[in-house]
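The lines below spell out each chain.
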Amino acid sequence: MSPAPMAVALWAWRPVGSRLAALGLLGLWLIGGGILLGHEAFYTRLDVAGARTLSPDALAAAAGIDGLHIFWVNPEEAAAAVRQRFPSLESAEVRCRWPALCTLFVVEGQAPWEWISGDLRLILDGEGRVIEGGTVQARRRLEVHGLPPPTPGQRVDPGLWARMQELSQAFPEVSAFRYEAGRGFSFVDPAGWTVWLGEFGSMSARAAVWRALRSALAAQHPAPAYLDLRVPEAPAVGFQVERIQP
């Protein structure tokens, strides 16, 4: 065969070979894609690490990626969803490794306050808003009498919240307070007597008087029943009156 007809034959064959090769590559791609999409190994399995008081199942549900195909997993969005659902968390991070093993790492924080009304316990965030935190711990608790409890998502009355913040600063060593509408705040001294603080005025001034008197009062016998600091310039000490048995 002369060179000219052979060149024509090769020229006619090459496009057909290219199309066959392309079709072969497409078939391999479709087969590989089918394996990646259909094989169970590529559907996410999510573990939770760092949960102490929060439910791992609830945290995993908030992430929303357990059982999702790895191609559709966005670790940053999943972690953001967890932080939004549980604002009390200090951090939340999702890390994934091949083929579809993901872990949600959380660091639990402490809420600033817990509101207690009877058997009802509500967690308050740093702005005084009721949050959903499972059994998350709080640094301080306030037992409230005479006020309706806030509802989820609602903020505590701004004036009351401001006084609660002042209590945190003035009495950092005290973790449990009581509030009664009309009487204000109080707490129990470690020695066992009640310290009445009232509702208005400087809590820092009351704290200074309490610290100045507590050692002397602890040495009293009998021990005092209360220390009234509602007027810090004129503190009053009360003692339990013993009844005489007939």
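Please read all numbers here as calculations on a predicted model, not as lab measurements. Throughout, a residue's number is its position along its own chain's written sequence, starting from 1. Restriction of local features to residues with pLDDT of at least 70 applies here, the model being predicted, together with a cutoff of 80 or more for giving and counting side-chain atom pairs; totals for whole chains, interfaces and linings are based on all residues. To get the side-chain values, take all heavy atoms of the structure and skip hydrogens and water.

**Examining the pairing of strand β4 (residues 111-117)**
Relative accessible area decides the class of each residue, using a 1.4 Å probe on protein chains only: under 20% of the type maximum gives buried, over 50% gives exposed, and in between gives partly exposed. Secondary structure elements follow DSSP: runs of H or I of four or more residues count as helices, runs of E of two or more count as strands, with numbering from the N terminus. The buried fraction of β4 amounts to seven of the seven residues, a majority that puts the element mostly inside the structure. Pairing of β4 with strand β7 (residues 138-145) involves five bridges; the strand directions are parallel. Considered in β7, the bridge of Trp115 is made with Leu142. Strands are treated as partners if at least two bridges between them are detected by DSSP. Here β4 runs beside strand β5 (residues 120-124); their pairing, made up of five bridges, is antiparallel. When the sheet's bridge partners are listed, Trp113 is paired in β5 with Leu124. Between β4 and β5, which follow one another and run antiparallel, lie two residues, and Gly118 among them has a positive phi close to 65°.

**Brief notes about the side chain of Ser168**
Positionally, Ser168 belongs in helix α4 (residues 158-170). In what follows, residue pairs with any heavy atoms lying within 4.5 Å of each other are defined as contacts. If sequence neighbours within four positions are ignored, Ser168 has contacts with Trp113 and Arg140.

**Considerations on the layout of surface pockets**
The rule is simple: put a 1 Å grid over the protein atoms alone, call a set of points where a 1.4 Å probe fits but cannot get out a cavity, call an open set with protein on both sides within 12 Å along at least five of seven lines a pocket, and count a residue as lining if it has an atom within 4 Å of a point. Grid points are joined across faces, edges and corners, and a volume is the space filled by probe spheres set on the points. Taken as a whole, the largest pocket spans an internal volume of roughly 190 Å³. Of all elements in the fold, only β7, β8 (176-180) and β9 (184-188) reach the threshold of two or more residues within the lining of the largest pocket.

**What about helix α5 (residues 203-218)?**
To estimate how far a helix should extend, the number of its residues minus one is multiplied by 1.5 Å. The end-to-end C-alpha distance of α5, which contains 16 residues, comes to 21 Å, matching closely the 22 Å that a straight helix rising 1.5 Å per residue would cover. Bend is computed residue by residue as the angle between axes fitted to the seven residues ending at the residue and the seven residues starting at it. Along α5, the sharpest change in direction is near 30° and occurs at Ala212. Listed as buried for α5 are Met203, Arg206, Ala207, Val209, Trp210 and Leu217. On its buried face, α5 is in contact with α4, β9, β10 (194-198), β11 (224-228) and β12 (236-239). We call two N or O atoms a polar contact when they sit within 3.5 Å, provided that within protein one can donate a hydrogen and the other can accept it, with sequence-adjacent residues counted only if both atoms are side-chain atoms. Capping the start of α5, Ser202 holds a side-chain oxygen 3.4 Å from the backbone nitrogen of Ser204, two or three residues further along.

**Examining the environment of Ala51**
For Ala51, the position within the fold is in the loop between β1 (45-49) and α2 (56-63). The partly exposed category is assigned to Ala51, whose relative accessible area is 26%. Other than its neighbours up to four places away in sequence, Ala51 contacts Pro56, Leu59, Val106 and Glu108.

**Quick notes on the nonpolar core**
Ranked by internal contacts, the top residues of the largest apolar core, which has 29 residues, are Met164, Phe171, Phe177, Phe185, Leu197 and Trp210. Counting 21 residues, the second largest nonpolar core, distinct from the first, contains Ile65, Phe86, Ala100 and Cys102. Only buried residues count toward a nonpolar core, which is a set of Ala, Val, Leu, Ile, Met, Phe, Trp, Tyr and Cys residues joined through side-chain atoms within 4.5 Å.

**Thoughts on the state of the cysteines**
Here is the idea: a disulfide is a covalent bond, and it sits between the sulfur atoms of two cysteines. Two cysteine sulfurs form a disulfide in these notes if their separation is within 2.5 Å. Summed over all chains, the structure comprises one disulfide. Two residues, Cys96 and Cys102, share a disulfide whose sulfurs are 2.1 Å apart. In this structure, the disulfide formed by Cys96 and Cys102 twists by about 105° around the S-S bond and is classed as right-handed. Looking at Cys96, the relative accessible area reads 36%, which means it is partly exposed. For Cys102, a relative accessible area of 1% translates into the label buried.

**Observations concerning a nonpolar patch on the surface**
Each patch is built from residues lacking any salt bridge and having more than 30% relative accessible area; the joining distance is 9 Å for like charges and 5 Å for nonpolar side chains (Val, Leu, Ile, Met, Phe, Trp, Tyr). For the area figures, the Shrake-Rupley method with a 1.4 Å probe applies, and any residue is considered shielded solely by the protein chains shown. Throughout this description, the term salt bridge denotes a Lys or Arg side-chain nitrogen within 4 Å of a carboxyl oxygen of Asp or Glu. The grouping of Leu68, Phe71 and Trp72 at the surface amounts to a nonpolar patch, some 330 Å² of accessible area in total. In this structure, Trp72 sits in the loop between α2 and α3 (75-85). A relative accessible area of 59% places Trp72 in the exposed class.

**With respect to the packing of α4 against α5**
For the pair α4 and α5, the least separation of the axes is 9 Å and the interaxial angle reads 35°. Along this stretch, α4 crosses α5, giving a crossing that reads as right-handed. Side by side, α4 and α5 meet where Glu166, Leu167 and Ala170 of the first sit next to Met203, Ser204, Ala207 and Arg211 of the second. Between N-to-C directions, angles span 0 to 180 degrees; the directions come from axes that are lines fitted to C-alpha atoms, helices contributing only their stretch in contact. Crossing chirality is assigned from the near helix's rotation relative to the far helix, an anticlockwise turn below a right angle marking it left-handed and a clockwise turn marking it right-handed.

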